[in-house]
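A structural walkthrough
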Amino acid sequence: MKRTVYLILTLLFVLGFGSTSAQTAALIPPQLAGIFEAPGFITSAGQTSDAAIVKVLVNTRLKLNFGYDIAAKPQAVSGAKTLVLVLGASNKGLGAAGLSIEQETERVKVVLALAKSEHMRIIAMHTGGTARRGESSNAIIALCVPYADVAIVVEGGNNDGFFTDLCAKEKVPLVMVPSIAEAGNVLKGLMAK
Amino acid sequence: MNYNKRGLAVALAVAALFVLCIAQAFGQQGSQKGEQPAIGPSIVLLEVRPGPGVARIFLLSDLDSGLAGTAFDTPVFEFADEAGQADGVLHPEGANHTEGELLQPALFVCAGTHENEIAGILAAYWLIEKSRVHGAKLFVMPRANAAGATWSLQNPQSPRILQAVPGISRTFRYGARLSNLAYETVSDPPLFSPPAAPAGFPALAGQEMRNLNREYPGSIDSSMTARLAFAITSLLKKENISIAIDLHEASAGSNLGYSIVTRPESLDEAALAVLDLEETAGKSFRLEESKPEFAGYSHWEWGKLGIHAFLVETFNPAQPSDDPAVDQFNNAKSPLAERVYAHLWAVQALIANAGVSLGISVNIEGLPASVLEVEDWLKAPLFEAAP
């Protein structure tokens, strides 16, 4: 029994989960663990302030030192190897950035095109629950998810199965997590050590 | 001062204030043919029993005598730093200090800006009755706009009364969002623009002149609501407040329920608090960044003074109509105890994370360990509630 436990722990460590809890490790698709490289960059898709939460989660708590600009232009993103898109349309956020939803959609399209041209890996994150699942949010989610290598979604945002269906259709691995903190742990587990 | 001496001093202060306020209340009732309920500081002093953390109680009229004897006067509860003289914080330039001056950290928790947003008021009462503070002084103002606690949308002459267990548990006033027009000194204008509003800001409905949360930083030569805002701003300056939190509630339609709103410079602190609250309160708060259109709001204007200022919202199922048919205590979607619990832990999370930015470590002792603990407190009679 002890030997079995030891073997499992060793296996997890070899797979790159040395600093990731077993619970988190179980959520991460094995083929994706540890393959996302630094430098990383975080921006929003839809100007949701959830991006600011992801920023402090990734940089202040997890010390991953990603670049951040909620309304990043392509030149700011250029050079990154991992792009984190925090999904969700916010009228207040759009207003603060002086953008219409059409302008924001155009910005996101340009950033996605650059990311693909530079062979970045893309992590789509949705942490805002049902509040970030209105019509505008759904449109921007549907725009981004097909480009993503993985989608990390806090459970409340997928109550209607929207992400489940979209990710299945686009063949994008979907990781459902119970909390924003756990979304961060999953993201950390995806990153190369 | 040791706890016994402090307790005696607080008890004497409360007794003196109580006598003063009840006399005032009866005077007011007498002048209005005995039909009006109590007004001013007595509203709070009848509803809460200060606990061992409270070192001093004073009235807002101590900062502006123009509020004395009016429905707008309200008590402030000062908590001493239990850890002794805390390390100072470098405060930006302000009215009572110079840039770079080292000051003892002081914090401010405000509730009852809107007197129908009851969970914040009760969270403030919990702090007053059960908490101690280590690492800073704390000022708690549970009913910022006491004039809003003298009426309700259902009755312009009287607030509603909430009681968890009829005839047994403590009672609380459920007032209105705006100051009572009966106690204002000027009539509502046709349209109202917050004094601090930027050029081109669209005017609001005239009754918003009586919305305390559009009147900051306030003025002594306008309405009484503006004067109230001015006195609160004066308090923040006088006491060199570093962190200020205004507790509110929102309706389902406003999309603000369970959110923290703050200025851009405090956004990271609020974001970290949101993460903390997932764990401590089991609640997913949303984050909103405020902008110049928030002119006149407490947190926006306080932030201009260099204060780390936050607006906290929970979800009140009775709003916006203050529907009396909604059972605040047993509402399935958003019971009152859950909202009070969330407010209290939001206060702790915001103070902790803003404190990191300021280089101070503040701990509030005596927060509830569970929603059930708050529920039991709400169901208890008033005298049993005091420690």
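Rules of the game
- Residues numbered from 1 in each chain as written.
- Chains lettered and ligands numbered in written order.
- Predicted model: local features only at pLDDT ≥ 70, side-chain atom pairs only at ≥ 80, totals over all residues.
- Heavy atoms only, no water.
- Helix = DSSP H or I, 4+ residues; strand = E, 2+ residues; numbered from the N terminus.
- Areas by Shrake-Rupley, 256 points an atom, 1.4 Å probe, with all protein chains shown as cover.
- Disulfide = S-S within 2.5 Å.
- Pairing = 2+ DSSP bridges.
- Axes fitted to C-alpha atoms, helices over the stretch in contact; angles between N-to-C directions.
- Buried < 20%, exposed > 50% of the residue type's maximum accessible area, 1.4 Å probe, protein only.
- Arc of directions from axis to C-beta.
- Contact = heavy atoms within 4.5 Å.
- Buried area = accessible area lost by both parts, 1.4 Å probe.
- Salt bridge = Lys/Arg side-chain N within 4 Å of Asp/Glu carboxyl O.
- Polar contact = N/O pair within 3.5 Å; in protein donor to acceptor, adjacent residues only side chain to side chain.
- Right-handed = clockwise from strand over helix to strand, strands pointing away.
- Phe/Tyr/Trp six-rings, centres within 6.5 Å; stacked < 30°, edge-to-face > 60°.
- Lys NZ or Arg CZ within 6 Å of the ring centre and 35° of its normal.

Along the backbone of chain A there are nine helices and six strands. A total accessible area of about 8600 Å² is found for chain A, and carbon and sulfur atoms account for 57% of it.

Right, let's talk about the state of the cysteines for a bit. Put plainly, a disulfide is one covalent bond tying together the sulfur atoms of two cysteines. Across all of its chains, the model carries zero disulfides over all chains by this definition. Of all cysteine sulfurs in the structure, the one in Cys-167 of chain A sits closest to Cys-144 of chain A, which takes part in no disulfide; the separation is 12 Å.

In this section: the sheet that holds strand 7 (residues 137–141) of chain B. Residue and element names in this part refer to chain B. With mixed pairing, the eight strands of this open sheet are ordered in space as 1-2-7-5-12-15-13-14. Two strands in the sheet have a free side with no partner beyond their single neighbour: strand 1 (54–59) and strand 14 (286–289). Strand after strand, the sheet turns through a mean of 20° between neighbouring axes, direction not considered. The pairing of strand 2 (residues 75–79) with strand 7 spans three bridges and is antiparallel.

Where helix 8 (residues 371–379) of chain B is concerned, the buried positions are Val-374, Trp-377 and Leu-378 of chain B. Taken down its axis, helix 8 of chain B places every buried residue within 100° of arc, on the same side.

Here we come to the sheet that holds strand 6 (residues 174–177) of chain A. Residue and element names in this part refer to chain A. With parallel pairing, the six strands of this open sheet are ordered in space as 2-1-3-4-5-6. Edge positions in the sheet fall to strand 2 (67–68) and strand 6, since each has one partner strand and no second. In the sheet, strand 3 (residues 82–87) pairs with strand 4 (residues 121–126) via five bridges, with the strands oriented parallel. Each residue of the ladder has a partner; that of Val-86, found in strand 4, is Met-125. Against the sheet, helix 6 (residues 101–117) touches strand 1 (40–45), strand 3 and strand 4, its axis set at about 155° to strand 1. The sheet contacts of helix 8 (residues 162–170) involve strand 3, strand 4, strand 5 (150–154) and strand 6, and relative to strand 6 the element is tilted by about 160°.

As a further point, take the interface of chain B and chain A. How big an interface is tends to be reported as the loss of accessible area on association of its parts. The partner chain A presents 15 residues to the 14 residues of chain B that form the contact. For the chain B and chain A pair, buried surface summed over both sides reaches about 1500 Å², with 58% attributable to carbon and sulfur atoms. Ranking the residues of chain B by area buried against chain A places Leu-275, Glu-278 and Leu-287 of chain B at the top, with a combined share of 32%. At the surface where chain B touches chain A, the tally comes to four salt bridges. We note a salt bridge from Arg-132 of chain A to Glu-288 of chain B, for which the minimum N-O separation is 3.7 Å. At the junction of chain B with chain A, the criterion picks out six residue pairs in polar contact (both at pLDDT 80 or more).

Residue and element names in this part refer to chain A. The element strand 3 is largely enclosed, with a buried count of six among its six residues. Side-chain alternation along strand 3 places Thr-82, Val-84 and Val-86 on one buried face and Leu-83, Leu-85 and Leu-87 on a second face that is also buried. Note that strand 1 and strand 3 share six bridges and pair parallel. Considered in strand 3, the bridge of Gly-40 is made with Thr-82.

Time to look at the pairing of strand 1 of chain A. All names here are of chain A. A large share of strand 1 lies buried, amounting to six of its six residues. Where burial is concerned, the two faces of strand 1 agree: the one with Gly-40, Ile-42 and Ser-44 and the one with Phe-41, Thr-43 and Ala-45 are both buried. Pairing of strand 1 with strand 2 involves two bridges; the strand directions are parallel. Residue pairing in the sheet places Phe-41 in a bridge with Gly-67 of strand 2. Between strand 1 and its parallel partner strand 2, the chain crosses via helix 3 (residues 50–61), and the hand of that crossover is right-handed.

In this section: the side chain of Ser-251 of chain B. With respect to the element layout, Ser-251 of chain B can be found in the loop between strand 12 (243–250) and strand 13 (259–262). Contact partners of Ser-251 of chain B, with chain neighbours within four places excluded, come to Phe-315, Asn-316, Gln-319 and Pro-320 of chain B.

Moving on to the packing of aromatic side chains. Residue and element names in this part refer to chain B. Taken as a whole and assessed by the stated rule, the structure comprises nine aromatic pairs over all chains. Relative to Tyr-297, the ring of Phe-294 lies with its centre 4.8 Å away and its plane at 55°, an arrangement referred to as tilted. Each of the two residues, Phe-294 as well as Tyr-297, counts as buried. Here the aromatic residues Phe-108, Tyr-216 and Trp-302 are joined through ring pairs into a cluster of three or more. Sitting over the face of the ring of Trp-300, Arg-263 holds its NZ or CZ atom 4.1 Å from the ring centroid.

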